[in-house]
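Chain by chain, the residues:
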Amino acid sequence: MLLERCLELLAPALDRKDRATVYVDATLGLAGHAEAVLAAHPRTVLIGLDRDTEALAHARARLDRYADRIHLVHAVYDEFTEVLDRLGHPRVDGVLFDLGVSSLQLDAPDRGFAYAQDAPLDMRMDQSTGTTAEEVVNTYSHGELARVLRVYGEERFAGRIASAIIRERERTRMTSSARLAELVRDSIPAPARRTGGHPAKRTFQALRIEVNRELAALETALPAALDALSLGGRMVVLSYHSLEDRITKQALTARSRSTGPVDLPVELPGTGPTLRLLSRGAELAGEAEVEANPRAASVRLRAAERIEQDGRNGTETTTRRRAARERPGRVAEEVRTSDTGIADGFEVARREMPRSPGDGSGTTVQGEG
Ligand SMILES: C[S@@+](CC[C@H](N)C(=O)[O-])C[C@H]1O[C@@H](n2cnc3c(N)ncnc32)[C@H](O)[C@@H]1O
């Protein structure tokens, strides 16, 4: 299960004999992960961030019994560094990003995230600020709309959908999620409607990403979180969209490689990796989990540990230069299938690889190419 896998990956960083530890849940949501971490680590302090005040209220109630070791903060995660400084915890030991929307947001009848129920076109995770989906569909040019749908929704019919939106809004202002869903369905040729889930899924996902500026926030937040990790600190990221996973992969791999000349037997000062990858590629949810929770079908898990740069021990240096990783889980081999619908931003062929035998906490494997 993904929750257990997150706990397993974070545990070595949060279990320190010599001191209490600090854990940041950058996407607190309904606090399922946070509660499990607090229960498993009685000396860990939680800093929980969410941009959604409703989610924070739920989380606060759920975590009531841990009130003396939690700080819940209404913030966008690109404010990571400022939040930690304000709380006086510039260094942390564990970080989790569980990206995207929560079930609370998806199921809310009035927030406009779901194509399956009619609601005002809002889609803001933080309803106190920012542009709504209604403003996006009623004000963006054809080119801007098509770009958003193509890039964030990987929608093949982005141009046709954008044209339909423009035609509709010339007639009347678009305000309803059900009307938008209908318009999208009618814009997609019938044969293509039969694959890739609900025809409006990709458009709704794209608008949500645009409205919440999700990718820009992630590009800022991941390096900030990695900078804040103490030595031995660990970060886990769960992505549900190929662009999120790409940003995560780039942030992690950039720091897991030497920047020194490849043919030198030793690391030059300041060129060694500062991260060790803990997952080989991206790990997928197992079949049983996907059956129980269909949203898990698109998840990609990546994790890494902060290491000392320029370790002087020769063996260690060699290991670091290979960007060593421990204990691979189920691994995704990406094969984009362009002629099928893309559910949740991913369409991958699953080739599940067995885990390494044993606990494997010291197991290192050849670095990713
Ligand atoms: C998938 S849910 C997290 C679920 C959580 N792990 C749990 O166990 O309940 C994602 C949460 O992250 C929040 N979120 C998304 N983007 C955010 C951002 N840029 N800054 C802060 N919170 C964000 C959403 O409001 C949502 O509540």
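Nothing here was measured: the structure is a model prediction, and the numbers come from that model.

Engineer: When you look at the UniProt feature "binding site: S-adenosyl-L-methionine" (unreviewed entry) in the chain in this model, what are you seeing that I'm missing?
Structural biologist: Those residues carrying the UniProt feature "binding site: S-adenosyl-L-methionine" (unreviewed entry) are Ala 31, Gly 32, His 33, Asp 50, Tyr 77, Asp 98 and Gln 105 in this numbering. Take Ala 31: it is sitting in the loop between strand 1 (21–25) and helix 2 (32–40). The residues touching Ala 31, leaving out its near neighbours within four places in the chain, are Gly 48, Ala 59, Arg 62 and Leu 63. With respect to the helices and strands, Asp 98 occurs in strand 4 (residues 92–98).

Engineer: Looking at this structure, how should I read the confidence of the model for the chain?
Structural biologist: One rule of thumb: low pLDDT means the predicted coordinates there are not for detailed reading. Residues of the chain with pLDDT of at least 70 account for 84%, and the chain-wide mean is 85. Taken as a whole, residues 312–329 scores under 50 in pLDDT and shows 52 contacts with residues more than four places along the chain or in a different chain. Note on residues 333–369: pLDDT is under 50 here. Beyond four places in sequence and across chains, it has 70 contacts.

Engineer: When you look at the pairing of strand 5 (residues 229–239) in this model, what are you seeing that I'm missing?
Structural biologist: If a strand is regular, its side chains alternate between the two faces of the sheet. Where burial is concerned, most of strand 5 is hidden: 8 out of the 11 residues are buried. When strand 4 meets strand 5, the two strands line up parallel, connected through 6 bridges. Residue Phe 97 lies in a different strand from strand 5, and its bridge partner there is Val 237. When strand 5 meets strand 7 (residues 300–306), the two strands line up antiparallel, connected through 6 bridges. Opposite Arg 234, over in strand 7, you have Glu 305 as the bridge partner.

Engineer: Can you walk me through the site of the ligand in this structure?
Structural biologist: What surrounds the ligand is a group of 20 residues, the closest being Thr 27, Gly 29, Gly 32, Asp 52 and Asp 98. Mapped by element, the contributors of at least two residues to the shell around the ligand are helix 2, strand 2 (44–50) and helix 12 (214–228). Residue classes in the shell around the ligand are distributed as 9 nonpolar, 6 polar and 5 charged.

Engineer: Mind showing me how you'd approach the nonpolar core here?
Structural biologist: Grouped burial of nonpolar side chains is what soluble globular proteins tend to show. Formed by 60 residues in total, the largest nonpolar core has its most connected members in Ala 26, Val 95, Ala 225, Met 235 and Val 236. Every residue in contact with Ala 225, bar those within four places of it in the chain, is listed here: Ala 26, Phe 80, Val 95 and Met 235. Core analysis: the second largest hydrophobic core is formed by 29 residues, Ala 146, Ile 161, Ile 165 and Ile 188 among them.

Engineer: Mind showing me how you'd approach the packing of helix 4 (residues 80–87) against helix 12 here?
Structural biologist: In a packed pair of helices, the relevant descriptors are the angle between the two axes and the axis-to-axis distance. Where helix 4 meets helix 12, the axes come as close as 8 Å, and the angle between the chain directions of the two elements is 35 degrees. Across from Phe 80, Thr 81 and Leu 84 in helix 4, the residues of helix 12 making contact are Ala 221, Ala 224, Ala 225 and Ala 228. A class-by-class count of the residues in the contact of helix 4 with helix 12 yields 6 nonpolar, 1 polar and no charged.

Engineer: Explanation requested: the sheet that holds strand 2 in the structure shown.
Structural biologist: Sheet strands pair via backbone hydrogen bonds, and the direction of the pair is either parallel or antiparallel. Reading across from one edge, 3-2-1-4-5-7-6 is the order of the 7 strands in this open sheet, with mixed pairing throughout. Every other strand in the sheet has two partners, leaving strand 3 (70–74) and strand 6 (275–277) as the edge strands with one partner each. Direction aside, the axes of adjacent strands within the sheet are offset by 15 degrees on average. Alignment of strand 1 against strand 2, held across 5 bridges, turns out to be parallel. Among the inter-strand pairings, Thr 21 is bridged to a residue of strand 2, identified as Thr 44. Contacts from helix 1 (residues 2–14) reach strand 1, strand 2, strand 4, strand 5 and strand 7 within the one sheet, and its direction differs from that of strand 5 by about 170 degrees.

Rules used in this analysis
Residues numbered from 1 in each chain as written. Predicted model: local features only at pLDDT ≥ 70, side-chain atom pairs only at ≥ 80, totals over all residues. UniProt positions renumbered as here; feature names shortened; annotations may be inferred. Helix = DSSP H or I, 4+ residues; strand = E, 2+ residues; numbered from the N terminus. Contact = placed C-beta atoms within 7 Å. pLDDT = per-residue confidence, 0-100. Buried ≥ 20, exposed ≤ 12 C-beta atoms within 10 Å, placed from the backbone. Pairing = 2+ DSSP bridges. Near = placed C-beta within 6 Å. Nonpolar A, V, L, I, M, F, W, Y, C, P; charged D, E, K, R; others polar. Core = buried A, V, L, I, M, F, W, Y, C linked by C-beta atoms within 7 Å. Axes fitted to C-alpha atoms, helices over the stretch in contact; angles between N-to-C directions.

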